[in-house]
Each structure stands twice: as C-alpha cells, then as structure tokens.
Amino acid sequence: RDSRDSSAAMVLWMIGLGLGDEGDISVKGLKAVQRSAYVYLEAYTSILPGLDRETLAAAYGVSEIIEADRELVESGCEEMLDR
C-alpha cells in the first residue's frame, strides 16, 4: 500500500534488484520501494552474496526490509496480503 495515501488500493510490486549489488535496482523500482509501506526480500530462490537486509534498507532509504523465506513464499502469502 502506498504509504502516502491510506485510501489507495494495495499494489503488489515485484522489483528485480539486478545481479550485482544494491546499486543495480532501476530508478523506477527504487521509487516504488521508497513509496511502499512494506518491503519484502525474497530470500528463498535469490542469493545476494555480501548483501543483507540492513544494507539494502540503508541503500534504499527504507526503515525495514522483511525477509520472505521459503515458508513465507510457499505458505504465508496471506500474511503479506493481510497487511
């Protein structure tokens, strides 16, 4: 949900981070991340050597990135949608 407007419809963005480091995100992707109330990092199939959620959160200017592990990805999607 866009944190600027509490009446806005919820939107689910899937944003690729690129292959190298935190700087590989697109400009449009970064803007979407910064406008989001909740940011998840899919950590089940993606491997980002040397990067952790805290590093990404600091680079993207967000307070928290929530890890979406295998259990959340496969069984807990409702948790994400209920927020």
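Refer to the structure presented above.
A short tour of the structure in this document, coming up. Within any chain, residue numbers begin from 1 and follow the written order of that chain's sequence. At least 70 in pLDDT is required for a residue's local features to be given in this predicted model, at least 80 for side-chain atom pairs to be given and counted, and no such filter applies to totals for whole chains, interfaces and linings, which use all residues. Processing note: side-chain calculations cover all non-hydrogen atoms of the structure and skip hydrogens and water entirely.

Our next topic: the layout of surface pockets. The volume enclosed by the largest pocket comes to roughly 930 Å³. The method works on a 1 Å grid over the protein atoms by themselves. A cavity is a set of points holding a 1.4 Å probe that cannot get out, a pocket is an open set with protein on both sides within 12 Å along at least five of seven lines, and residues with an atom within 4 Å of a point line them. Around the largest pocket, the lining is made up of 32 residues, and of these Leu-12, Trp-13, Met-14, Tyr-40 and Leu-41 lie nearest the centre. Put simply, DSSP H or I for four residues or longer makes a helix, DSSP E for two residues or longer makes a strand, and each gets a number counted from the N terminus. Elements represented by at least two residues in the lining of the largest pocket include exactly helix H1 (27–35), strand E1 (40–42), helix H2 (53–60) and helix H4 (77–82). Split into classes, the residues belonging to the lining of the largest pocket amount to 25 nonpolar, 4 polar and 3 charged. Grid points are joined across faces, edges and corners, and a volume is the space filled by probe spheres set on the points. Charged residues are taken to be Asp, Glu, Lys and Arg, nonpolar residues to be Ala, Val, Leu, Ile, Met, Phe, Trp, Tyr, Cys and Pro, and polar residues to be all remaining types, Gly included.

Core analysis: the biggest nonpolar cluster contains 11 residues, these being Leu-17, Ile-25, Val-33, Val-39, Leu-41, Leu-51, Leu-56, Ala-57, Tyr-60, Val-62 and Ile-65. Note on definitions: a residue-residue contact is assigned when non-hydrogen atoms from the two residues lie within 4.5 Å. Excluding its chain neighbours within four sequence positions, the residues that come into contact with Leu-41 are Leu-17, Leu-48, Arg-53, Leu-56, Ile-65, Ile-66, Glu-67 and Ala-68. Remark: nonpolar core denotes a set of buried residues (Ala, Val, Leu, Ile, Met, Phe, Trp, Tyr, Cys) joined through side-chain atoms within 4.5 Å. Each residue's exposure class comes from its accessible area (1.4 Å probe, protein chains only) as a fraction of the maximum for that residue type: buried when under 20%, exposed when over 50%, partly exposed otherwise.

Next up on the list: the pattern of salt bridges. Salt bridge, as used here: a side-chain nitrogen of Lys or Arg that lies within 4 Å of a carboxyl oxygen of Asp or Glu. Inspection of every chain in the model, using the stated rule, returns 2 salt bridges. Two residues, Arg-53 and Glu-67, come together in a salt bridge whose shortest N-O distance is 3.9 Å. Taken together, the residues span a long stretch of sequence, with Arg-53 in helix H2 and Glu-67 in strand E2 (residues 66–68) at a distance of 14 residues. Judged by its relative accessible area of 37%, Glu-67 is partly exposed. With a closest N to O distance of 3.4 Å, Arg-70 and Glu-74 form a salt bridge. Pair noted here: Arg-70 and Glu-74 are both in helix H3 (residues 70–75), with a separation of 4 residues, about one helical turn.

Buried within H2 we find Leu-56, Ala-57 and Tyr-60. Buried residues of H2 fall within an arc of 100 degrees about the axis and therefore sit on the same side. The outward face of H2, more than 90 degrees from its buried face, is lined by the exposed residues Glu-54 and Ala-58. Looking at the packing, one finds that the buried side of H2 touches H1 and E1. Two residues or fewer after H2 comes Gly-61, characterised by a positive phi angle close to 70 degrees. The reported arc concerns the directions from the helix axis to the C-beta atoms and nothing else.

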